[in-house]
Amino acid sequence: QVQLVESGGGLVQAGGSLRLSCAASGIIFSVSAMGWFRQAPGKQRELVATIRSDGNTGYEDSVKGRFTISRDHAKNTVYLQMNSLKPEDTAVYYCNRVAAIARFSWGQGTQVTVSS
């Protein structure tokens, strides 16, 4: 059974940084396009960053230039480096496959709170 475990969230002031990690068990990440999603209170979950098996990355406009997604195949882990954080980045962050039809069960997510 695949299990996704997100970690690294916390409370940070605007302008600060955090590095999120997503570790997977029961599946090998390397063949999957993976993404980081976030869900703010009262809003739908949105995809903010993606990384393909070949390393190509993509970002939602609001995080371009501030967030960097990466992966470590040996550790079966995906990361999200978040810099210049803004209050509007406050959300629970999740990782999962990009393709909706192939999604795993969602993990518990990690809370990111950015104070102004």
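Everything in this summary refers to the structure shown in the same document. (Residues numbered from 1 in each chain as written. Predicted model: local features only at pLDDT ≥ 70, side-chain atom pairs only at ≥ 80, totals over all residues. Heavy atoms only, no water.)

1. Some points on the pattern of salt bridges
Stage number 1. Here the structure, examined in full by the defined rule, presents five salt bridges.
Stage number 2. Note that Arg52 and Asp54 form a salt bridge whose closest N and O atoms lie 2.6 Å from each other.
Stage number 3. Take Arg52: its relative accessible area is 43%, and that puts it in the partly exposed class.
Stage number 4. Each of Arg38, Glu46, Arg66 and Asp89 takes part in one network of salt bridges that share partners. (Salt bridge = Lys/Arg side-chain N within 4 Å of Asp/Glu carboxyl O. Buried < 20%, exposed > 50% of the residue type's maximum accessible area, 1.4 Å probe, protein only.)

2. Side note on the state of the cysteines
Stage number 1. This model, assessed by the stated rule, comprises one disulfide.
Stage number 2. Here Cys22 is linked by a disulfide to Cys95, with a sulfur-sulfur distance of 1.6 Å. With a gap of 73 residues between them, Cys22 in strand E3 (residues 18-25) and Cys95 in strand E9 (residues 91-97) connect regions that are remote in the sequence.
Stage number 3. Of the residues examined, Cys95 reaches a relative accessible area of 0% and is grouped as buried. (Disulfide = S-S within 2.5 Å. Helix = DSSP H or I, 4+ residues; strand = E, 2+ residues; numbered from the N terminus.)

3. Here we look at the sheet that holds E3
Stage number 1. Pairing is antiparallel in the open sheet, where four strands are placed in the order E1-E3-E8-E7. Two strands close off the open sheet at either side, each with one partner strand: strand E1 (3-7) and strand E7 (67-72). Averaged over all neighbouring strand pairs, the angle between strand axes comes to 15°, with direction disregarded. (Pairing = 2+ DSSP bridges. Axes fitted to C-alpha atoms, helices over the stretch in contact; angles between N-to-C directions.)

4. Describing the layout of surface pockets
Empty space among the atoms becomes apparent when a probe as large as a water molecule is rolled across them.
Stage number 1. One number sums up the size of the largest pocket: a volume of about 150 Å³.
Stage number 2. Contributing to the lining of the largest pocket are 13 residues, with Arg38, Ala40, Lys43, Glu46 and Glu88 lying nearest its centre.
Stage number 3. A class-by-class count of the residues in the lining of the largest pocket yields two nonpolar, four polar and seven charged. (1 Å grid on protein atoms, 1.4 Å probe; cavity = no way out; pocket = protein on both sides within 12 Å on 5 of 7 lines; lining within 4 Å. Points joined across faces, edges and corners; volume = space filled by probe spheres on them. Nonpolar A, V, L, I, M, F, W, Y, C, P; charged D, E, K, R; others polar.)

5. Considering the packing of aromatic side chains
Stage number 1. One pass over the structure, following the stated rule, counts two aromatic pairs.
Stage number 2. Centroid distance Phe37 to Trp106: 5.0 Å. Interplanar angle 90°. Geometry classified as edge-to-face. Of the two residues, Phe37 is situated in strand E4 (residues 34-39) and Trp106 in the loop between E9 and strand E10 (110-115); the sequence distance between them amounts to 69 residues.
Stage number 3. The partly exposed category is assigned to Trp106, whose relative accessible area is 32%.
Stage number 4. Seen in terms of ring centroids, Tyr94 and Trp106 are 5.7 Å apart; in terms of plane orientation they differ by 75°. Their pairing is edge-to-face. Here Trp106 lies in the loop between E9 and E10 and Tyr94 lies in strand E9, a separation of twelve residues in the sequence. (Phe/Tyr/Trp six-rings, centres within 6.5 Å; stacked < 30°, edge-to-face > 60°.)

Functional significance is not addressed by these values, which are geometric in nature.
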